[in-house]
Amino acid sequence: MNLDILIQNARLNDNEETVDVGIKDGIIKEISKKVSDSAEKVIDAEGRVLIPGMIEGHIHLDKALIAGRKPNMSGTLKEAIEVTAALKPTFTEEDIYERAKDALEMIIPRGVTQIRTHAEFDPAQGFTGFNTIMKLKEEYKNLIDIQVVAFPQEGIYQKPGTKEMMYEAMEMGADVVGGIPYNDKDAQEHIDLVFEIAKKYDKPIDFHQDFSDEANDMSIEYLSKKTIEEGYQGRVSVGHLTALHAVPDERLNPIIEKMAEAGISVMALPATDLHLGARNDEYNVRRAVTPIRKLRDGDVNVCIATNNIRNAFTPYGNGDIIQTTMLAIPVGHLGGAKDLPTVLPMITTNPAKALGLENYGIAEGNKANLVLLDTKVKEHAIIDIPERLYVIKDGRISVKNTRTTTIYR
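Keep in mind that this is a model prediction, so the values were computed, not measured.

Cut-off values and rules
Residues numbered from 1 in each chain as written. Predicted model: local features only at pLDDT ≥ 70, side-chain atom pairs only at ≥ 80, totals over all residues. Heavy atoms only, no water. Pairing = 2+ DSSP bridges. Helix = DSSP H or I, 4+ residues; strand = E, 2+ residues; numbered from the N terminus. Axes fitted to C-alpha atoms, helices over the stretch in contact; angles between N-to-C directions. Contact = heavy atoms within 4.5 Å. Expected span 1.5 Å × (residues − 1). Buried < 20%, exposed > 50% of the residue type's maximum accessible area, 1.4 Å probe, protein only. Arc of directions from axis to C-beta. 1 Å grid on protein atoms, 1.4 Å probe; cavity = no way out; pocket = protein on both sides within 12 Å on 5 of 7 lines; lining within 4 Å. Points joined across faces, edges and corners; volume = space filled by probe spheres on them. Nonpolar A, V, L, I, M, F, W, Y, C, P; charged D, E, K, R; others polar.

Some points on the sheet that holds strand S14 (residues 370–373)
Spatially, S5-S14-S15-S16 is the arrangement adopted by the four strands of the open sheet, whose pairing is antiparallel. Looking along the sheet, the strands with just one partner apiece sit at the ends: strand S5 (50–52) and strand S16 (396–400). Strand-to-strand, the axes of this sheet are offset by a mean angle of 25°, without reference to chain direction.

Describing the sheet that holds strand S10 (residues 205–209)
Read from one edge to the other, the open sheet built from eight strands follows the order S6-S7-S8-S9-S10-S11-S12-S13, with strand pairing classed as parallel. Lying at the two open borders of the sheet, with one neighbouring strand each, are strand S6 (54–59) and strand S13 (301–304). Mean inter-strand twist for the sheet, computed between neighbouring axes without regard to direction, equals 25°. Where strand S8 (residues 145–151) and strand S9 (residues 176–179) come together, two bridges link them in parallel fashion. Note that in S9 the partner of Ala150 across the bridge is Val177. Lying over the sheet, helix H4 (residues 162–171) contacts S8 and S9, oriented at roughly 155° with respect to S9.

Points about helix H7 (residues 249–262)
With 14 residues, H7 extends 19 Å from end C-alpha to end C-alpha; this agrees with the ideal 20 Å at 1.5 Å per step. Every buried residue belonging to H7 is among Leu252, Ile255, Ile256, Met259 and Ala262, and all of these are buried. Angular distribution of buried residues about the axis of H7 spans 120°; they occupy a single face of the element. The outward face of H7, more than 90 degrees from its buried face, is lined by the exposed residues Glu250 and Glu257.

Structural notes on empty space enclosed by the protein
A full pass over the atoms with the stated rule returns two cavities of 30 Å³ or more. Forming the walls of the largest cavity are 13 residues, and the residues nearest its centre are Gln153, Tyr182, His208, His240 and Phe313. The residue makeup of the lining of the largest cavity, split by class, is six nonpolar, six polar and one charged. Every residue along the wall of the second largest cavity is listed here: Asp62, Lys63, Lys88, Phe91, Ile96, Glu120, Gln125 and Gly129. When its residues are assigned to classes, the lining of the second largest cavity shows two nonpolar, two polar and four charged.

Function cannot be read off these values alone, since they describe shape.
Structure follows, in structure tokens:
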């Protein structure tokens, strides 16, 4: 058999011998100590780490790269929402297309082969942003797989006409039903409608959930109960969930237990939540990030994601999910010897589970979505912030990064 790509001497795990990985027709055909088949393209990894394509599980492409247009002067969530709402009427299809495209081309070279993006619509702006993201999903399918979330940023019931648009977005091909319970008249009514829509179209759910410095008016407990009642275990994700950081263990532990029972995945968003959170704290300033360690230790599927790139919610970022994950290590106290190995899965296997991906990971018969990192220690895959030397999407080399550094002594 003539392979399309043969990766030689790749490290899949520390303290194991390197292996060869043979790829044919977009599939990993063989993993062994020595693949004997010839290949059109041979890559010698020289002991470097090979990982599955990374997954960006929560991002807003339609709001990317607008930080300079109307700054969020206070740095608060309230002003971020206000600033973005003021700017949205100025967004044209061409504008959204160019910015979202630029964001994708920041993300793709850095080893992400799958994203889930929240695409907004409301009666004021219509489907301009949503339609543009759906267009990009098709245009970029050879470079990155995109799940599109139908996302009502301004709420549903407090913006008449949005409920009907939710159904319309699903008819237009949205992959996921989105929601934002804390930004509507009644959180439980909002959640109930999202489940009603999801069940009608048999789609997963992704909420912006309990984004607050305080643990007041949380709806995560209701959501967990609802998920179990509706038989939606493993099909619900939540982003932010920062209010949990303010909950004492005696109340938090039962919440985490119920979330684990419901199979709810959590998208921790440290770059955004550190920027916006705890703005009113005058001293002992809180981190205001969801309790990653406690959720992980409670068997909740925890993922790390970017959320926004250079806008009122997050006025920085370059699309590198490894940098975002590196930020999460000190923030979440994940730098210990037993903790570091749990971090890489938060941008690979964990979000793959959250997004319901099939045939993901480095195993024979799975899709050949792979990244070769410029590091020889898998445990250092995050802390080295290594160059992504090759990105392989569906068995085709989609990115090759080369960089030469010379130290003059």
